[in-house]
Amino acid sequence: MQLTWTGCALLTIDSLSQLYLYRLSPITDPGGPVSPNYAVTLLEYCMMTGVDWWDILIGLKPGMIESISDKMSDTFNRQPPALQQYYLSRFLAIKMTIYRCLSTGHFKAGDCYSLLMLNAIANCFKSVLRPTDLSSLDKGPAENLTAIMTSKQHSETTDVDKVILNFEKNKEFCVEPATLQSLQQLIQWVANFTLYLLASLPQQYHNMIRFPGGGLLADHKALSSLRELLVVIRFWGLIRHTCLPVFTKTSENLDVVSLLFKLLTRTLLCQGSEPDENLLDECCLLPSQVLVPKLYLATEAAGVTSPSLALNPLPLSFEYKCEPEFMQFTHEPIMLEGSIPAFQKYDIVRHIYMGSNPSIYKQCTRCSSVSMVKVSPKSSATRAWDQRWARACPCGGHWKLVKSST
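About the cut-offs
Residues numbered from 1 in each chain as written. Predicted model: local features only at pLDDT ≥ 70, side-chain atom pairs only at ≥ 80, totals over all residues. Heavy atoms only, no water. Helix = DSSP H or I, 4+ residues; strand = E, 2+ residues; numbered from the N terminus. Rg over C-alpha atoms; globule rule 2.2 N^0.38 Å. Buried < 20%, exposed > 50% of the residue type's maximum accessible area, 1.4 Å probe, protein only. Contact = heavy atoms within 4.5 Å. Areas by Shrake-Rupley, 256 points an atom, 1.4 Å probe, with all protein chains shown as cover. Lys, Arg positive; Asp, Glu negative; His and termini not counted. Charge placed at Lys NZ, Arg CZ, Asp CG, Glu CD. Core = buried A, V, L, I, M, F, W, Y, C linked by side-chain atoms within 4.5 Å. Phe/Tyr/Trp six-rings, centres within 6.5 Å; stacked < 30°, edge-to-face > 60°. Disulfide = S-S within 2.5 Å. Pairing = 2+ DSSP bridges.

Quick notes on the overall build of the chain
Then, number 1: Per the secondary structure count, the chain includes 14 helices and eight strands.
Then, number 2: Computed over C-alpha atoms, the radius of gyration of the chain comes to 23 Å, within 12% of the 22 Å expected from 2.2 N^0.38 for 406 residues, which places it in the range of a compact globule.
Then, number 3: Considered along the principal axes of its C-alpha atoms, the chain spans approximately 70 × 50 × 45 Å.
Then, number 4: Residues classed as buried in the chain amount to 51% of the 406 residues present.
Then, number 5: The long-range fraction of contacts in the chain, counting pairs at least 24 apart against all pairs at least 6 apart in sequence, stands at 70%.
Then, number 6: On the chain, roughly 20,900 Å² of surface is accessible, and the fraction owed to carbon and sulfur atoms is 54%.
Then, number 7: The positive charge centre, built from 36 side chains, and the negative charge centre, built from 35, are 6 Å apart in the chain.

Okay, here's the thing in structure tokens:
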């Protein structure tokens with residue numbers, strides 16, 4: 001017999017080598033149900049220690065999820081900024097997992113993944129910036145970037161080239177061309193996600209259709225971060241043009257990055273009020289001007305940490321290396337107008353396509369996302385990026401090795 005780290009489940013094995021998993025009541029209230037406050041305490045313990053939180057989820061009821069998420073967010077937002085930044089990825093991974101336990105929670109799960117990936121890429125981009133003068137470190141390049149973008153002069157500027165003028169004489173934002181080229185797939189993800197957000201704005205506003213990740217349109221900090229990254233991408237394109245994002249567009253003269261920056265700035269200025277009709281009309285035209293690629297936001301749920309657990313009567317029986325049909329749960333796909341899905345496997349870490357049938361790859365046991373097993377890093381920045389997700393998927397699930405049968 002073995003208790004899990006949080007004491008929420010008990011594992012036993014009998015003489016026939018059959019494995020049993022028992023859901024346990026709270027230690028503080030033997031025989032009683034799991035309360036939201038008790039669940040929040042355990043999830044916060046997992047966030048601080050890095051212990052896996054799957055055994056907590058099997059004791060939660062669907063009606064508790066929103067309450068638990070709100071309590072966790074309230075406590076987290078009261079912490080010092082430095083502490084929030086340190087634990088942000090794990091906090092978002094936990095929220096992503098508990099939302100996927102709801103049959104309609106994939107929208108908010110997509111929001112959490114998008115915010116997690118956006119913060120990770122922003123930190124990656126800012127980490128390659130180096131100060132020119134080591135003797136004056138009052139503010140680093142990342143802080144200077146934020147100061148420039150939030151200044152009164154540029155906070156409402158919709159022309160990205162006017163903002164770039166402040167960067168041309170600043171060597172802090174210059175990076176080696178080889179490093180920029182190695183980051184091209186992350187640059188592409190930022191541009192694709194911005195395009196996806198803006199293209200979904202009219203449908204979310206007029207038709208009340210929700211999209212995974214679309215909740216970031218109401219997040220001022222996330223939109224400001226995207227705006228900063230578009231400026232950095234534009235500036236880096238002056239150093240190495242091939243690192244810029246690639247789009248399929250109807251007009252060769254269309255400057256997509258400049259258009260996205262303009263619409264994103266106007267969306268940011270509309271925070272707290274209804275977007276104006278001119279902005280919505282321009283966002284409506286985006287899918288007819290630029291092909292909107294399908295985004296993979298790790299919203300699928302697999303195993304016991306999915307809505308299937310609440311939809312099936314207990315006890316559940318499993319066979320080794322055989323996933324039962326009653327545990328398979330899929331959401332109805334929601335596509336943006338004008339977007340075209342790609343029938344290939346998509347690397348959730350490196351944001352590149354792997355082909356329709358790769359010979360060997362890693363797959364997350366929690367969200368079923370896939371990633372290549374090993375790729376030769378092109379720079380120290382991409383090496384650090386790969387190592388960040390080597391132990392676990394961005395959603396917090398463990399990797400398993402999958403070999404193609406053909």
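Some words on the nonpolar core
Then, number 1: Counting residues in each nonpolar core, the largest one holds 111 residues, and the members touching the most others are Phe125, Trp236 and Trp385.
Then, number 2: Apart from the residues within four sequence positions on either side, Trp236 is in contact with Phe125, Val128, Leu129, Phe173, Val175, Leu180, Leu183, Ile187 and Cys243.

Section: the packing of aromatic side chains
The geometry of two aromatic rings is summed up by the distance between their centres and the angle between their planes.
Then, number 1: According to the stated counting rule, one finds ten aromatic pairs in the structure shown.
Then, number 2: Taken together, a centroid distance of 6.4 Å and an interplanar angle of 20 degrees make the contact between Tyr20 and Tyr22 stacked.
Then, number 3: For Tyr20, a relative accessible area of 33% gives the class partly exposed.
Then, number 4: Feature note: the residues Trp189, Phe193 and Tyr196 constitute an aromatic cluster, connected by ring pairs.

Quick look at the state of the cysteines
Then, number 1: In the structure shown here, the tally under the stated rule is zero disulfides.
Then, number 2: No disulfide involves Cys367; its sulfur sits 3.7 Å from that of Cys395, the nearest cysteine.

What about the sheet that holds strand β6 (residues 360-364)?
Then, number 1: Across the sheet, three strands lie side by side as β7-β6-β8; this open sheet has antiparallel pairing. Two strands close off the open sheet at either side, each with one partner strand: β7 (370-371) and β8 (399-403).
Then, number 2: As judged from the two bridges shared by β6 and β7, these two strands associate in the antiparallel manner. Each bridged residue has a counterpart across the sheet, and for Lys362 the counterpart in β7 is Ser371.

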